[in-house]
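Results of the structural survey
Chain by chain, the residues run as shown.
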Amino acid sequence: MSTFKAPKGTYDLTPPDSAKYLAVREAISAPLKNSGYGYIETPGFEDVALFSRGVGESTDIVSKEMYTLTTKGGSELALRPEGTASVLRAALEANLHKLGNLPVKLWYSGSYYRYERPQKGRYRHFSQVGAEAIGAEDPALDAELIILADQAYRSLGLQNFRILLNSLGDKECRPVYRDALQGFLRELELDEDTRRRIELNPLRVLDDKRPEVQKQLVGAPVLRDYLCDACKAYHEEVRDLLTAAGVAYEDDEKLVRGLDYYTRTTFEFVHDGLGSQSAVGGGGRYDGLSEMIGGPALPSVGWALGVDRTVLALEAEGIELELPASTSVFAVPLGEEARRVLFAKVTELRKLGVAADFAFGSRGLKGAMKSANRSGARLTVVAGERDLADGVVQLKDMESGEQQPVALDALVAEIQQKLA
Ligand code: AMP
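Going along each chain's sequence as written, the residues are numbered from 1 onward. Selection of residues for local features in this predicted model requires a pLDDT of at least 70, selection of side-chain atom pairs for listing and counting requires 80 or more, and totals for whole chains, interfaces and linings are taken over all residues. Hydrogens and water are ignored here; the side-chain numbers use all heavy atoms of the structure.

1. Some details on the overall build of the protein chain
Every helix listed is a DSSP run of H or I at least four residues long, and every strand listed is a run of E at least two residues long, numbered separately from the N terminus. Check the secondary structure of the protein chain and you find 17 helices and 16 strands. Here the radius of gyration uses the C-alpha set of atoms, whereas the globule reference equals 2.2 Å times the residue count to the power 0.38. Taken over the C-alpha trace, the protein chain has a radius of gyration of 27 Å; the compact-globule value for 420 residues is 22 Å, which it surpasses by more than 25%. Considering only C-alpha atoms, the protein chain reaches an extent of 90 × 50 × 45 Å along its principal axes. Partly exposed residues are those whose accessible area sits between 20% and 50% of the maximum for their type, while under 20% is buried and over 50% is exposed, using a 1.4 Å probe and protein chains only. For the protein chain, the proportion of its 420 residues judged to be buried stands at 48%. Nonlocal contacts in the protein chain, meaning residues at least 24 apart in sequence, comprise 69% of its contacts between residues at least 6 apart. The Shrake-Rupley method, run with a 1.4 Å probe sphere, supplies the accessible areas, and residue values consider only the shown protein chains as cover. For the protein chain, the accessible surface area stands at approximately 21000 Å², while carbon and sulfur atoms represent 50% of it. Residue contacts are defined here by distance: any two heavy atoms, one from each residue, within 4.5 Å place the two residues in contact.

2. Quick notes on the packing of aromatic side chains
Aromatic pairing here means that ring centres of Phe, Tyr or Trp (its six-membered ring) are within 6.5 Å. Orientation follows from the plane angle: under 30 degrees is stacked, over 60 is edge-to-face, and everything else is tilted. Here the structure, examined in full by the defined rule, presents 14 aromatic pairs. Measuring from centroid to centroid gives 6.2 Å for Phe-267 and Phe-269, while their planes differ by 85 degrees, and the two rings are edge-to-face. Across the pair, exposure class does not vary: Phe-267 and Phe-269 are buried alike. Measuring from centroid to centroid gives 5.3 Å for Phe-343 and Phe-358, while their planes differ by 75 degrees, and the two rings are edge-to-face. Here the residue Phe-343 occupies a position in helix α14 (residues 336–351), and Phe-358 occupies one in strand β13 (residues 356–358), the gap between them amounting to 15 residues. Under the relative-accessibility criterion, Phe-358 is labelled buried at 3%. Joined through ring pairs, the aromatic side chains of Tyr-153, Phe-161, Phe-267 and Phe-269 make up one cluster. Above the ring of Tyr-112, the side-chain terminus of Arg-80 is found at 4.5 Å from the ring centroid. When the ring centre of Tyr-234 is taken as origin, the NZ or CZ atom of Arg-264, which lies over that ring, is 4.8 Å away. Think of it as a cone above the ring: NZ of Lys or CZ of Arg counts as a charge over the ring if it is within 6 Å of the ring centre and within 35 degrees of the ring normal.

3. Some details on the site of the ligand
The criterion for a residue being near a molecule or strand is simple. One of its heavy atoms has to lie within 4 Å of it. With respect to spatial proximity, 14 residues lie near the ligand, and among them Arg-114, Glu-116, Tyr-123, Gln-128 and Arg-257 are the closest. Interatomic distance of 2.8 Å between a side-chain N/O atom of Arg-114 and an oxygen atom of the ligand. At 3.0 Å from an oxygen atom of the ligand is found a main-chain nitrogen or oxygen belonging to Val-280. When contributions to the shell around the ligand are tallied by element, the ones reaching two or more residues are β6 (125–134), β10 (279–285) and β11 (300–306). With three residues, the single largest contributor to the shell around the ligand is β10. When residues are sorted by character, Ala, Val, Leu, Ile, Met, Phe, Trp, Tyr, Cys and Pro go into the nonpolar class, Asp, Glu, Lys and Arg into the charged class, and all the rest, Gly among them, into the polar class. Split into classes, the residues belonging to the shell around the ligand amount to five nonpolar, four polar and five charged. Residues adjacent in sequence count toward polar contacts only when both atoms are side-chain atoms; beyond that, a polar contact is any pair of N or O atoms within 3.5 Å, and within protein one must be able to donate a hydrogen and the other to accept it.

4. Points about the pairing of strand β4 (residues 76–79)
Bridge count for strand β2 (residues 45–47) against β4 is three bridges, and the pairing is antiparallel. Across the sheet, residue Phe-45 finds its bridge partner in β4, namely Leu-79. As paired elements, strand β3 (residues 68–70) and β4 share three bridges and run antiparallel to each other. Bridging across to β4, Thr-68 finds its partner in Ala-78. Strand pairing is defined by DSSP finding a minimum of two bridges between the two strands.

5. Comments concerning helix α15 (residues 365–375)
Of the positions making up α15, those classed as buried are Ala-368, Met-369, Ser-371, Ala-372 and Ser-375. Seen along its axis, α15 keeps its buried residues to an arc of 155 degrees; they face one direction. Set apart from the buried face of α15 by more than 90 degrees, the exposed residues are Lys-366, Lys-370, Asn-373 and Arg-374. Lining the buried residues of α15 we find β12 (329–333), β14 (379–383) and β15 (392–397). Of the residues flanking the end of α15, it is Gly-376, one or two places downstream, whose phi is positive at about 80 degrees. The directions considered for the arc run from the helix axis to the C-beta atoms.

6. Focus: the sheet that holds strand β9 (residues 263–271)
Here we have eight strands laid out as an open sheet, ordered β1-β5-β6-β11-β10-β9-β7-β8, and mixed in their pairing. The sheet is open, and its two edges are formed by β1 (38–39) and β8 (250–251), each paired on a single side. With seven bridges joining them, β6 and β11 adopt antiparallel strand pairing. For Ala-131, the partnering residue across the bridge sits in β11 and is Trp-303. Fitting a line to C-alpha atoms yields each axis, with helices limited to the stretch in contact; the angle taken between N-to-C directions then spans 0 to 180 degrees. Strands in contact with helix α4 (residues 84–93) are β5 (104–113) and β6; relative to β6, the strand with the most contacts, it is inclined by about 45 degrees.

7. Some details on the side chain of Arg-80
One can find Arg-80 in the loop between β4 and α4. Discounting residues that sit within four places of it in the chain, Arg-80 has contacts with Thr-42, Pro-43, Gly-44, Phe-45, Phe-51, Ser-86, Gly-110, Ser-111, Tyr-112 and Tyr-113.

8. A closer look at the nonpolar core
Among the buried residues, those of types Ala, Val, Leu, Ile, Met, Phe, Trp, Tyr and Cys that are joined through side-chain atoms within 4.5 Å form a nonpolar core. Of all hydrophobic cores here, the largest spans 45 residues; its most connected members are Phe-51, Leu-88, Leu-106, Ile-134, Leu-181 and Leu-185. Put simply, the parts of the chain that give this core at least two residues each are α2 (48–56), α3 (60–63), α4, β5, β6, α7 (174–186) and α9 (202–205). Looking at this core element by element, the count peaks at six residues for α4. Contacts of Leu-106, omitting those with residues within four sequence positions, involve Tyr-37, Gly-38, Ile-40, Val-87, Ala-91, Leu-96, Gly-130, Ala-131, Glu-132 and Ile-134. Grouped together as the second largest cluster of nonpolar side chains are 44 residues, Leu-141, Tyr-249, Phe-269 and Leu-321 included.

9. Remarks on the pairing of β10
Most of β10 sits out of view: six of its seven residues are buried. Where β9 lies against β10, six bridges are found, and the strand directions are antiparallel. Across the sheet, residue Val-270 finds its bridge partner in β10, namely Ala-279. Summarising the sheet, β10 and β11 pair through five bridges and their orientation is antiparallel. Its bridge partner being in β11, Arg-285 is matched across the sheet by Val-301.

Right under this line is the structure:
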């Protein structure tokens, strides 16, 4: 161990576990790549105002959890706490919405930062794979994204997750509801912080986990009763499309999510094996965000799935991903000449696309064979002076334990045949 440790609330991904994270990212992105989403990558930091305007001043993310910094040049930046605002900013900057047909469909994968109280499943640095469909108001697009996330989780073998679905209304009906809710909340016995929240972001009060608050919330006006006809019809269509696709969901009228930009469809994927940090992913429609950050009207929808929590969900369900061994052939040279000969063979195999590794350092046969075992290779090539004098190497099948001499010239072809 060195003098240093990973900062509080962070952890490192190291082999062999890191392979799971790669596999999860791959599994989440595969359905997107297959559905017309193009890859986008944006900087790890942005103008702080992008998030305060986009995500919302009153949200926990902006008011408490952002890592902000002032650069030597005097710019106010924030490490990105989420992906949507950055992706929309980048799409607008590149004029993607003017180049071709709408929607612009994008996917991304990266690190996000929130200064949160660390606990299992909640970190200060975490990783998400996300998708955004920009510039179209079409219930089929909302349904598409939910279906693709469902497909991603299922492709990993996950079963114990649920989809919570709600509609938050639009700029017509949401303000009417907001007023009604504020009127109701102002009459309750609540602490100062919560009173402030009533004025800033009353929908978030519904999210309060404290039983004494929840008790008072019985009888609060529900958004469903305030949805305008257009929002109702839109939501019905999303629900019908999900049902037709065989994707089960639960209506959850309390689902408001922690970001201000959501309108209409909102959803969350929760996993029942994760304890208090049960949300493995979430998203929704954000029809007003583009205008909030100075762009044109571009109704859009997206989600972000948490990679860390998806890995925890796999563990909770006892799912072992079938990860192919990273090495197929391991070469063990005994002596200087063998080192040169086998190193050349390993290079040749790699050029042909065979995953091969080599016993580096001057270790004895025993240590080198241990490395061969640990590598998971199906075949090991061992060669000493006497073998080379005979023009052969020993090829060992690590599963059966069988070993046979193979002519050096025929080695590559023999390996390819055995691996085929
Ligand atoms: P959000 O952007 O808050 O909707 O988060 C989307 C997903 O990212 C969540 O469902 C989690 O899976 C993941 N996530 C958010 N915050 C954290 C965190 N602090 N640590 C780990 N995962 C997180």
